[in-house]
Structure formats: structure tokens, C-alpha cells
Amino acid sequence: MKLFSVSHKTAFVVDHCPYMAESSRQQVECDVLTKSRGQGVIPLAPVSKSLWTCAVECSMEYCRILYDVYPTKKLVNYIVSDSEFHILNSWRQEDQSTHELMSALAAVGPPNPREDPECCSVLHGLVAAVESLCKITEYQHEARTTLMDTADRVANRGRIICLTNAKSDTHVRMLEDCVQETILEQNKMAASSDRLMPIQQCELVLVHIFPQGEDTLVSDRPKKEVSSLLTSEVHSVRAGRHLATKLNILVQQHFDLASTTITNIPMKEEQHANTSANYDVELLHHRDAHLEFFKSGDLHMAGSTSRDSGLKETVTLKWCTPRTNSVELHYCTGAYRISPTDVNSRPSSCLTNFLLNGRSVLLEQPRKSGSKVISHMLSSHGGEIFLHVLNSTRSTLEDPPSISEGCGGRVTDYRITDFGEFMRENRLTPVPETLDADASEKIPSERAKAQLERHTRYWPMIISQTTIFNMQAVVPLANLIVKESLSEEDVLTCQKTVYNLVDMERKNDPLPISTVGSRGKGPKRDEQYRIMWNELETLVKTHVGGSDKHQRVLDCISACRSKPPEEEERKKRGRKREDKEDKSEKNCNKDTEDKSWQESERLKGALDREKEEQVESEVIKDSPDSPEPLNKKPRLEEIQLPEKAKGPVSLLTMWTNRITVANSRKHQEFAGRISSVNNKAELYQHLKDENGMDLHENGKAAR
Amino acid sequence: MPTVVLMDASLSMTRPVSLDQGSEELQRKNLAVAGLTMLFEHMASNYRLEFTSLVAFSSLWELLVPFTRDYNTLQVVLVTDGSLGIGKGSLRHSLQTLKQRPEDKKFPLPFPFPAKLFIMCIASAEELQMTDTMDNLEKLLQLNGGDGQIFTMEGQLCLKSVQSMFGRLIDAAYSPFHAVLRCGNLTSDVQVFPRPEPVFLDQEVDPLPKHVLTDLEIVGFIEIGDISSPPVISRHLVLPIAVSKEVDDVGAGAPEELEEETSANQQAGKAPNFCVLLHGSLKVEGMVALVQVGPEWHGMLYSQADSKKKSNLMMSLFEPGPEPLPWLGKMSQLGPISDAAENPYGEDDSRSPFPLQPPVKRSYAQNVTVWIKASGLQTDVQKILRNARKLPEKTQTFYKELNRLRKAALAFGFWELLKGVAELLERECTLLPDTAHPDAAFQLSHAAQQLKLASTGDSQYSLFEHNINPMHTDFSGGGVGV
């Protein structure tokens with residue numbers, strides 16, 4: 001349905017003239033005496049509704065269904081007409097509720113039978129309705145403002161539903177002529193106004209209401225064109241039940257609704273709680289919920305039956321057990337708001353309360369063949385019930401290749417858990433719209449994207465690409481540094497993290513350097529720390545642009561980390577590829593810090609490829625700063641001892657180291673000696689570990 | 001969209017094509033076969049997940065390669081030389097007698113499902129315009145709702161021009177959709193399959209189609225329970241593709257290249273890819289990623305598993321617009337949780353900011369009064385009487401129900417009912433047993449009097465927002481009177 005179709009604006013004109021106070025002559029017995037109390041009590045005489053009461057309650061029912069199915073953009077303007085017109089609400093969205101209208105109707109009250117019938121006419125209301133249709137709605141206004149130079153695309157159409165008691169067919173023609181003339185008149189005025197729009201199309205629906213037991217003076221007439229602007233139709237209906245049925249049919253026609261009856265709803269009996277009976281509940285909703293049936297021509301097979309007068313059709317769907325749970329993601333091709341036809345009946349309210357409590361129910365399409373096809377689901381979201389259409393046709397995506405067969409599918413050490421954590425931190429939340437929003441302020445979804453950008457400046461995808469993210473000790477800093485701005489306290493926490501790392505290094509604690517793809521023990525301890533510090537610097541550098549406080553964290557790292565003169569070291573290595581890397585690294589540092597991560601990512605990719613070729617390599621090459629393979633160039637500087645930092649290396653040490661390295665290639669070193677300090681190995685270290693004093697070697701300690 | 005290829009196998013297709021140099025004699029059929037071979041090869045290399053079926057027809061038809069499944073949308077490629085034949089059963093005759101066909105022998109177009117019709121003519125446009133062929137073919141397209149295109153050969157009928165014609169078809173309907181999936185700085189090159197079709201919204205206000213952009217930008221993440229089976233307009237596989245492997249143009253992917261490609265894919269399988277990471281975490285966490293695919297157009301990425309435990313990254317597209325899912329609110333208003341004063345999910349993940357509640361409750365959630373059926377009115381009156389007999393214990397419920405009835409009666413101008421119920425309450429008063437609490441009688445006559453006053457229409461007593469309050473009484477233990 002087009003947004004600005006005739007259904008965008010509905011003007012109700014309800015006749016409030018003295019003759020509407022007449023009784024509908026449909027009597028309601030409201031004193032239902034129970035057997036035990038029946039004796040000797042005279043029952044209350046049945047009450048009967050006036051024509052006015054019938055008109056009002058049926059129009060309210062029309063609005064109730066309309067507002068349930070279309071809470072916005074389908075607007076009603078309610079007008080009452082006697083010796084003058086009374087407009088009970090406006091087109092504004094906040095005026096659109098049955099409660100508002102009922103309150104206004106109570107103030108109007110029933111028609112005054114003593115009022116002079118000569119002064120009273122429904123014409124006053126019809127004229128007001130045409131004027132009102134010319135008034136621009138907030139949606140029309142908004143669309144015109146956004147479309148700017150193509151504002152003429154915004155159409156102005158509307159419908160007038162007039163509930164009255166007409167005298168004769170001639171009287172009806174007079175009313176039509178009056179509406180036609182008023183439209184022409186008003187359109188002239190509207191042409192020269194900003195807040196008014198000429199009416200392009202108007203549908204007049206005249207409902208003539210007459211009491212039970214009387215013959216109608218007005219004949220039914222299907223829709224006909226009065227002019228290019230106006231169509232008119234006449235419905236002549238008895239007050240009471242018939243009027244209600246008529247307006248129910250009209251609301252379905254006017255708003256493209258269709259009916260579904262849910263059958264076999266198991267319900268506990270009110271009186272006998274242990275027995276259960278099956279009930280049916282009829283729901284109205286947009287007719288697209290039945291689109292699949294129309295397309296497949298299955299409508300009749302789907303259990304469509306004619307109801308009541310045979311004027312209305314409903315599709316039957318069967319309640320299905322077991323129920324579905326909310327964490328299942330169904331393939332759903334549409335979701336349509338519903339309104340129960342008989343909102344107050346016990347079966348209806350049982351069903352709606354069941355759904356409002358957060359449960360969902362699958363619905364089955366009855367088929368002759370006996371095969372079970374689940375075609376719909378009823379579910380509530382935030383106090384609104386929707387009929388979901390589930391896809392029941394087969395699709396081209398039924399047998400897709402598995403993700404493990406594609407790019408990146410063979411990699412097994414993705415940081416799945418860490419990214420899960422990342423996703424939870426980057427969950428979304430609705431941010432209330434502020435009226436005085438700062439124009440310079442980013443909208444919430446842009447802020448969400450900006451946060452994702454900050455959080456991913458340095459985010460290695462696999463475990464063997466990272467050291468710091470496998471260390472529990474780095475977590476406080478890693479969590480804080482991605483923040484847009486840091487507090488003094490945050491900086492302090494980051495600094496503490498760094499000091500803690502320094503402490504670990506001093507104690508020579510092992511690091512969770514990955515040994516994936518390498519044989520043996522991997523790099524030496526101090527080399528591990530060098531890798532760790534480099535990586536930490538890379539992470540923090542990507543955020544330095546953010547603020548001075550971020551810079552202070554980086555400064556702290558630079559000041560605290562052990563500083564083997566990297567550049568010199570590299571020169572000694574003197575390998576071409578290394579030089580190239582250096583250059584690119586320098587460029588990185590000179591250029592935007594932000595880019596360095598992408599750059600290193602790319603290099604990592606290149607290195608990874610190289611790794612495939614060098615299966616013999618003894619070293620993980622997970623970052624550009626990775627050391628060279630040990631077996632190719634065992635250099636002294638690779639195996640510096642902790643003392644080195646304190647002063648020049650003695651000849652003896654150098655000699656011992658050389659011998660050690662030479663020996664180490666001939667045999668496998670004792671585990672104890674590897675982790676010894678000054679050739680003293682601590683025994684029963686595992687006891688310490690078990691007491692939770694240390695890190696796990698591989699991977700993070702459990703959070 | 002699955003493709004049915006209809007191949008004209010009538011005698012006229014064997015007409016030789018006149019070539020200047022008498023090199024090799026070619027029939028129109030050969031040209032058609034060459035074109036289709038090219039199309040199938042393209043699909044085999046760039047559009048592998050497409051399902052195809054081949055039907056040959058002349059006056060009869062034969063299904064050469066059947067579909068293995070049923071589908072709800074199709075693409076039909078009709079290959080013909082445009083010789084429409086004569087007499088009964090010919091297209092010309094069928095179109096002329098379109099309206100005279102009996103109900104059970106309807107013309108097959110329009111198809112009962114959405115379908116695009118592509119007509120590949122092994123003939124030049126001039127040739128077709130000489131007769132009324134072109135008009136008839138255009139009529140076919142119109143019958144199908146205009147969705148489709150007629151392709152003709154340009155220049156001389158030869159292998160080269162048939163290839164260029166099929167090249168145009170491939171561009172129009174079978175070019176793979178490549179995009180970049182972004183989550184901040186984490187990215188992956190992907191192919192989206194099937195290719196997302198342009199979407200038309202309210203054509204009156206906005207006649208331009210909406211296209212999915214080639215930048216798919218993740219906005220954030222939402223739990224599956226919170227997004228709760230949203231309606232989607234289409235579903236697409238998101239397949240990571242190797243960056244280095246630029247997909248060639250039309251006609252690429254000859255069989256001998258396939259092997260090379262496979263090894264390239266194996267290579268790519270070992271390099272970490274963001275799609276795989278994202279898919280793994282979405283699956284483990286039971287979440288979806290909200291992805292922006294255009295201005296005011298969103299979708300969701302999630303892990304889709306089939307019965308064989310194979311799973312893949314899937315993207316479903318929501319209806320374009322600022323607020324496709326009422327329970328999430330406006331997409332532009334979804335921000336990071338760090339925006340909120342306190343974590344809306346709770347420190348222990350026990351809460352959720354979703355679903356959003358609408359400002360006004362729906363009728364079924366607010367105990368509305370409807371008296372269209374007599375039973376509705378009777379139930380409401382009985383409810384009041386039932387509570388009246390249990391006064392003063394039920395004072396609160398009694399007045400609640402009484403006020404609900406009063407409001408509705410005032411709105412409907414149903415004053416007669418107010419008088420009637422007042423009489424009923426007075427009668428109840430006279431029927432009270434001797435053992436009844438004295439407060440009961442006072443409350444009943446008070447309520448009856450108030451209803452009567454309201455039924456006069458006196459504005460002092462008939463205000464809609466006004467409520468009848470319980471009468472103040474001095475009886476100790478007089479229930480909840482105040």
C-alpha cells in the first residue's frame with residue numbers, strides 16, 4: 001500500500017442529530033439470573049442501544065482494529081455533527097488512540113432528542129470532513145520537506161466514512177453533491193496555502209443505519225464515480241449486529257486486511273481446571289500474510305472457509321505443539337501485526353495473554369495429504385503480537401558449501417572466544433532521541449561504528465599471531481586503551497599493567513608465545529619479551545592519536561620496556577628481506593600510526609605464506625618483528641642473558657654461551673636447565689602453578 | 001535465482017548462417033550451443049551455486065536436465081531464432097487468441113511465480129523487425145509483467161557476435177556480486193550470492209530502486225533472542241573470496257583454469273579470514289551482526305547451519321527504511337552500550353534493552369471494553385454483580401469494574417445502561433442477607449447513586465476521566481474502604 005493512499009486519512013462523520021437517539025430496538029438482556037437466586041426476583045428489563053450508541057461502538061471497533069494493525073501512518077479524524085460540527089481529535093499521531101476518542105465522545109454524550117431537528121444535519125460534519133482532509137498531516141509534511149523539489153509526489157487522498165440515518169435516496173444524492181462541491185471549493189483555497197493540500201482523490205462511504213424491524217428507505221449502491229475527485233458508495237444496514245459486521249468488513253477492505261482463524265488451541269476449562277478443550281480464535285492482519293497461499297493457489301486447501309453471512313473468508317491454521325523457543329532464528333519472510341476480531345472473548349484473551357507473556361507458537365497449514373507444513377508463527381515483541389510468515393518453499397540456499405571449505409577455512413586457531421567477548425562489548429542498545437541533539441554530535445549508529453573502528457585498530461585474528469592477547473596480565477590495559485578518552489585512573493591502571501609486565505620480565509616469567517608451526521621450544525625468554533613489548537607498543541600506538549593520556553601510556557611503555565638496540569641488531573643480521581621490512585616499518589612509523597597495523601597485517605600474510613615453504617623453520621613468524629630462524633643463524637645476541645642489561649658481557653659469558661648454543665643443537669636441553677636462573681632450577685614448580693600463582697603457558701588463564 | 005534454459009530445437013534452427021568466407025558451415029543451432037556453452041562455463045566458474053535446467057522445445061518439448069528441487073522464483077532464458085511458425089499452436093496464434101482460451105488451458109505467461117524472462121535471439125534485430133516477430137516477443141515480455149529483456153545479435157551472425165550477445169546476458173543477470181565486509185578495521189572480500197536485486201519501495205514517493213552497496217559495514221551485534229526471527233526480504237550467502245584472485249571478465253574460467261583455481265583456493269584456505277572468525281563467534285555466542293548495506297538499509301549476518309551440520313555465513317536483508325523492526329526502534333538510534341549510563345544488559349547479562357515497548361498499548365493488552373456482542377456486555381455486568389455480593393472484601397475490584405463500565409457507557413452515550421446497572425445494584429442491596437457486613441449496603445447504594453447521577457449527563461458527574469471512589473465509612477475492619 002502506498003503511504004499516501006486514500007487510507008492515509010480517514011474522516012469519520014457520525015450523525016448526532018435527535019433522530020439518532022432513537023432506539024435500535026435490539027435488546028440486550030444484561031440481568032442473567034442464576035438458578036439459586038432466581039426465585040422471587042423480578043429481572044431487570046432488557047436495555048437497548050440507541051442508533052447513536054450502535055454507530056459509536058462500531059466506529060470505535062473499526063478504529064481499534066485499525067490502530068492495532070497500523071499504530072502509525074494511518075490516521076483518523078473523528079467528527080460529530082448536529083446543529084454544528086464537533087471535531088474530536090486532529091490528524092496528529094498522539095491524538096490517534098481509542099482512549100482519546102472515547103474520552104471526547106463521553107464529553108459529547110448521546111444526541112439530545114429535544115434539539116430542533118431543523119437546525120441539525122450531518123452536512124455540517126461532511127463539510128468539516130472535507131476541510132479536514134485538506135489539512136496536511138505530519139507525515140505529508142515530513143515527506144514534502146524531505147523530497148524538496150519533487151514534493152509534488154506527495155499525494156493528498158482520503159476517505160470519509162459517514163454514519164447517518166438518511167431520509168431517502170434523494171437525500172443521499174444531496175449529501176454526495178454537497179461533498180463534491182465542498183471539495184472543489186476547498187481545493188481552490190488549499191492551492192494557495194502552505195498548510196493545506198488540495199484533495200486529489202476522495203472516497204465517500206455512506207452508511208445508512210436504521211432500527212431493527214423497520215424497512216430501509218435507502219438502497220445499497222456499490223462504488224461509483226461522482227467525479228474524477230470523488231467516488232461514493234452507499235451501505236444500508238440495520239443497527240446492531242449487522243452494522244458491526246458491516247464495519248468489520250469495511251475495515252478489512254479499506255486497509256487490505258485478511259482473517260486467519262487459529263484452531264485447536266488447547267485451553268483449560270474455567271470450571272474444571274483439569275480438563276482441556278480446544279478453541280478457535282479469529283485474528284485480523286495485513287493480507288500479505290496469506291501471500292504464499294494466493295501465489296500457490298493453495299487458499300482453499302489451506303482451510304479457507306466462509307463464515308457467518310458468507311461475506312467474509314478466513315484461513316484456518318492449526319495450533320502446533322511443541323512450541324518454539326526464542327533463541328531459534330526462523331527464516332521469516334514477513335511479520336504482520338494482528339488484532340483479534342473478538343478481543344474480549346475468553347479464547348481470544350487466553351491466546352493473547354499467552355503470547356504477551358513472551359511465548360511463541362508455530363502454526364500449521366492443514367493439508368489434505370496429511371503432510372505437516374509449518375507456515376506461520378505467532379509471537380509478541382514488546383507488547384505487540386505479530387503473525388510471522390515462515391518460509392515453507394525450498395530455496396536455492398539449501399545445500400551451501402561449508403565455511404570451512406572456503407577462504408580461511410583451514411585455519412584452526414581463530415580467536416573465537418575473544419571475538420565473542422568483543423561482540424558482547426559491541427552489542428547495541430537503543431539510545432533515546434534527544435530533542436536538543438547537538439548537530440555536531442554523531443548519531444548513535446555512527447558512534448557504534450566508530451567504537452568498532454577503535455576496538456579493531458589492532459586485532460590479530462588467530463592465537464598464534466599474538467602474544468599480548470593471550471596474557472591475562474595485559475587485559476586491563478587492552479580493555480582501557482580502546483576507549484575514546486581515558487580518565488586519570490585509567491592511565492594509572494595502564495601504567496600499573498606495564499609495571500606488572502616489567503616485573504614479570506624481571507622475574508623471567510614465561511610468556512604464552514605460540515609454538516604453532518614451530519618445532520622445539522621456540523624463541524628464548526628475552527626474545528619473547530621483545531616480541532611482547534613490540535606488540536604492546538603496536539597496540540598502544542594505534543590509539544595515540546586519541547588523546548594525551550593515550551600518549552602517556554605509550555610513553556610509559558617506551559620508558560619501561562627493556563631496550564635492546566633494535567636497529568643495531570638488525571644491521572648485524574644484515575639480511576635483505578629484513579632491511580626491506582625495516583624500511584616499510586620506518587615508513588609506517590613516520591606515516592599515520594593507524595596504518596601500521598594494516599601494514600603489519602599485510603606483512604604477516606606474506607610471512608605466513610613463507611612459513612609454508614619453510615616447514616623446517618624452528619620459529620614462529622607471527623609478526624614482522626619475529627626473530628630469524630635459529631637454525632639458520634644462531635647469533636649470540638639472540639640469547640642474551642638477563643645480566644646483559646646490567647653491563648658489558650664478559651668473554652667467559654660469550655664463550656659459555658657459544659658452547660651452549662653449539663651443544664644445544666646436538667641434544668635436547670633439560671627442561672629444568674632451560675628455565676633455570678643462574679644455573680639453579682627451582683624444583684616442584686608445578687605446585688606453585690597449581691596454587692594459581694602463575695600463568696598458563698598456552699593461552700590465557702581462565703577469566 | 002534458478003535458471004531454466006529453453007532451447008529452440010525446431011527445424012528453422014538448422015538454417016545455415018551465411019558467412020563471407022566459406023570457412024566452416026555453421027547453423028543457427030551451433031551458434032546457440034556456443035552461446036549457451038559460454039553461459040554455462042561462466043556459471044561454473046563465477047556463479048557456481050546457481051541451479052540450472054535445460055529444456056529443448058519445438059512443437060513438443062523435452063526436459064533434458066531437470067531441477068532437483070522446487071523454487072519460488074525463476075530466471076528463464078529462451079534461446080530461439082525467432083521463427084514463430086504458423087497456424088494453431090504457434091506463438092503468433094496463441095497471442096492472438098489469448099482471451100479466448102478456456103480456464104483450464106491458460107497461456108503459461110505470466111508465470112505463477114516471480115520470474116525474469118530473457119529471450120536470446122539467434123537473429124539480428126533487423127531480421128526480426130521485418131516480420132512481426134519482435135512485436136510478438138515484446139508482447140511475451142509484457143505478459144510476464146515486463147520483467148526481462150530481449151537480446152538480439154549485432155552485426156553478422158557468427159560465433160563472435162553470439163558470444164558478445166551472451167556476454168550482455170551474463171552482465172545483466174549473472175555477474176557475481178562482490179563486496180567488502182567491514183567491521184571497523186577488520187575486513188574481508190566477499191561474494192554475495194545470490195546477487196541482491198534492487199528493491200522498490202513506495203514508488204509514488206520514491207520511484208528509484210534501492211541497491212545494495214558494495215561496502216557492507218557492521219554496525220554492532222545483537223543477541224538472537226533480541227532480534228527474534230525478524231522478517232526479511234531476501235537471504236544471501238556471504239562467501240569470502242581470495243583478494244589476489246581477481247575474477248576475470250566474461251568468458252573466464254575455461255576448464256583448464258579450474259585446476260589452478262582450486263589450488264589457489266587451497267592456498268587461501270590457510271590464510272586467516274575475517275568471515276570465518278566472525279562466523280565462528282556468531283555461532284558460539286548465538287548472536288547476529290547488524291550490517292548496513294545502504295543508506296537507511298540494514299541486514300543481519302548470522303551463522304546458518306543445515307541438517308548436515310555444515311554451516312555458513314548468511315546475510316538476510318530487512319525491508320529498506322529507517323525502522324524495519326519495530327522492536328528494535330530506529331536503526332540510526334542504535335548506539336554502543338558504552339553510551340548508556342549503566343550497561344543495559346546488566347553486569348551479569350541478565351537483562352536486555354530489547355524489545356522496545358510501543359508508546360501506546362494495543363487493544364488486546366489493555367483490557368478494552370467492547371459490547372458489540374451481547375455476551376460482552378453481560379459478562380461485564382455479571383462481573384460487577386459477582387463482586388457486589390462479596391463486599392466489602394472485593395471493594396477494590398468492584399469499583400474497578402464499575403468504573404470500567406461507567407467509562408464505556410459514557411463514551412457510547414449508553415445512559416440507559418447506567419440506569420439499569422444502578423437498579424441492579426439497588427436490588428442487590430435489598431437482597432443482602434442479615435449476616436452481610438454493614439459496609440456492603442452503604443457501598444452498593446453509594447455506587448448506584450453515582451451511576452444514576454452520571455446517567456443524567458450532568459457534567460459534574462459524567463466526566464470521562466472521573467472515577468467513582470469507594471464511600472468512606474466508619475466501620476472498623478471495613479475492608480479497604482479508603
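Residues numbered from 1 in each chain as written. Chains lettered and ligands numbered in written order. Predicted model: local features only at pLDDT ≥ 70, side-chain atom pairs only at ≥ 80, totals over all residues. Heavy atoms only, no water.

Asker: Even after reading the chapter, I still don't get the packing of helix H9 (residues 416-425) of chain A against helix H8 (residues 274-285) of chain B, so can you show me in this structure?
Answerer: Pairs of packed helices are described in terms of their axes, by the angle between the two and the distance that separates them. Interhelical geometry of H9 of chain A versus H8 of chain B gives an angle of 70° and a closest axis separation of 8 Å. Classed by the angle they form, the pair H9 of chain A and H8 of chain B counts as roughly perpendicular. Contacts between H9 of chain A and H8 of chain B involve Ile 416, Phe 419, Gly 420, Glu 421, Met 423 and Arg 424 of chain A on the former and, on the latter, Phe 274, Leu 277, Leu 278, Gly 280, Ser 281, Leu 282, Val 284 and Glu 285 of chain B. Classifying every residue of the contact of H9 of chain A with H8 of chain B gives 8 nonpolar, 3 polar and 3 charged. (Axes fitted to C-alpha atoms, helices over the stretch in contact; angles between N-to-C directions. Helix = DSSP H or I, 4+ residues; strand = E, 2+ residues; numbered from the N terminus. Parallel < 35°, antiparallel > 145°, perpendicular 65-115°, else oblique. Contact = heavy atoms within 4.5 Å. Nonpolar A, V, L, I, M, F, W, Y, C, P; charged D, E, K, R; others polar.)

Asker: Would you mind showing me how to read the packing of aromatic side chains here?
Answerer: Two numbers describe a pair of aromatic rings. These are the distance of the centres and the angle of the planes. As enumerated under the stated definition, the model contains 17 aromatic pairs over all chains in all. A centroid spacing of 5.8 Å and a plane angle of 50° characterise the contact between Tyr 70 of chain A and Phe 255 of chain A, whose relative ring orientation is tilted. Here Tyr 70 of chain A, found in the loop between helix H1 (51-69) and strand E4 (75-81), pairs with Phe 255 of chain A, found in the loop between helix H6 (241-254) and strand E10 (257-268); they are 185 residues apart in sequence, far enough to count as distant. By the burial criterion, Tyr 70 of chain A is buried, and Phe 255 of chain A matches it. Relative to Phe 414 of chain B, the ring of Trp 371 of chain B lies with its centre 6.3 Å away and its plane at 65°, an arrangement referred to as edge-to-face. Of this pair, Trp 371 of chain B sits in the loop between strand E16 (334-336) and helix H9 (374-388) while Phe 414 of chain B sits in the loop between helix H10 (395-411) and helix H11 (415-430); the two residues are 43 residues apart in sequence, bridging distant segments of the chain. We note that Trp 371 of chain B, like Phe 414 of chain B, is buried. An aromatic cluster is defined as three or more aromatic residues linked by ring pairs; in this entry it consists of Phe 12, Tyr 62, Tyr 70, Tyr 78 and Phe 255 of chain A. The residue whose ring lies beneath Lys 74 of chain A is Tyr 70 of chain A, and the NZ or CZ to ring-centre distance is 5.6 Å. A cation over an aromatic ring shows up here: Lys 167 of chain A above the ring of Tyr 19 of chain A, its NZ or CZ 4.0 Å from the ring centre. (Phe/Tyr/Trp six-rings, centres within 6.5 Å; stacked < 30°, edge-to-face > 60°. Buried < 20%, exposed > 50% of the residue type's maximum accessible area, 1.4 Å probe, protein only. Lys NZ or Arg CZ within 6 Å of the ring centre and 35° of its normal.)

Asker: Whenever I open this one, the confidence of the model for chain B confuses me. Can you help?
Answerer: Any segment with low pLDDT has predicted coordinates that should not be analysed in fine detail. Residues and elements named next belong to chain B. Averaged over all residues, the pLDDT of chain B is 84; the fraction at 70 or higher stands at 86%. Summarising per-element confidence for chain B, the mean pLDDT is lowest in helix H7 (residues 255-269) (54) and highest in strand E11 (residues 215-223) (97). Between residues 245-260, whose pLDDT stays under 50, and residues either more than four places distant or in other chains, the model counts 14 contacts. Across residues 478-482 the pLDDT falls below 50, and counting only partners more than four positions away or on other chains, this stretch makes 9 contacts in the model. (pLDDT = per-residue confidence, 0-100.)

Asker: Whenever I open this one, the interface of chain A and chain B confuses me. Can you help?
Answerer: For an interface, size is often stated in terms of accessible area lost upon the parts coming together. Residue-level contacts link 127 residues of chain A with 129 residues of chain B. Summing both sides of the interface, chain A and chain B together bury roughly 11100 Å²; the carbon and sulfur share of this comes to 62%. Three residues stand out in chain A for area buried against chain B, namely Ile 403, Arg 427 and Leu 428 of chain A, and they jointly supply 8% of the buried area on that side. On the surface where chain A and chain B come into contact, there are 10 salt bridges. One salt bridge connects Arg 424 of chain A with Glu 285 of chain B, and the closest N-O pair in it is separated by 2.9 Å. Connecting chain A to chain B are 39 residue pairs in polar contact (both at pLDDT 80 or more). With 10 residues, the top contributor of residues to the side of chain A that touches chain B is H1 of chain A. Here the side of chain A that touches chain B is built from residues that sort into 60 nonpolar, 33 polar and 34 charged. (Buried area = accessible area lost by both parts, 1.4 Å probe. Salt bridge = Lys/Arg side-chain N within 4 Å of Asp/Glu carboxyl O. Polar contact = N/O pair within 3.5 Å; in protein donor to acceptor, adjacent residues only side chain to side chain.)

Asker: What exactly am I supposed to notice about the pattern of salt bridges here?
Answerer: Pairing of side chains with opposite charge becomes possible as their charged atoms draw close. All told, the structure shown has 42 salt bridges over all chains when counted by the stated rule. The closest approach of N and O atoms between Lys 223 of chain A and Glu 203 of chain A, which form a salt bridge, is 3.5 Å. Pair noted here: Lys 223 of chain A is in strand E8 (residues 221-225) and Glu 203 of chain A is in strand E7 (residues 201-210), with a separation of 20 residues, a long-range link. The exposure class of Lys 223 of chain A is partly exposed, given its relative accessible area of 48%. Of the residues examined, Glu 203 of chain A reaches a relative accessible area of 6% and is grouped as buried. Residues participating in the shared-partner salt-bridge network are Lys 2 and Arg 157 of chain A together with Glu 204 of chain B.

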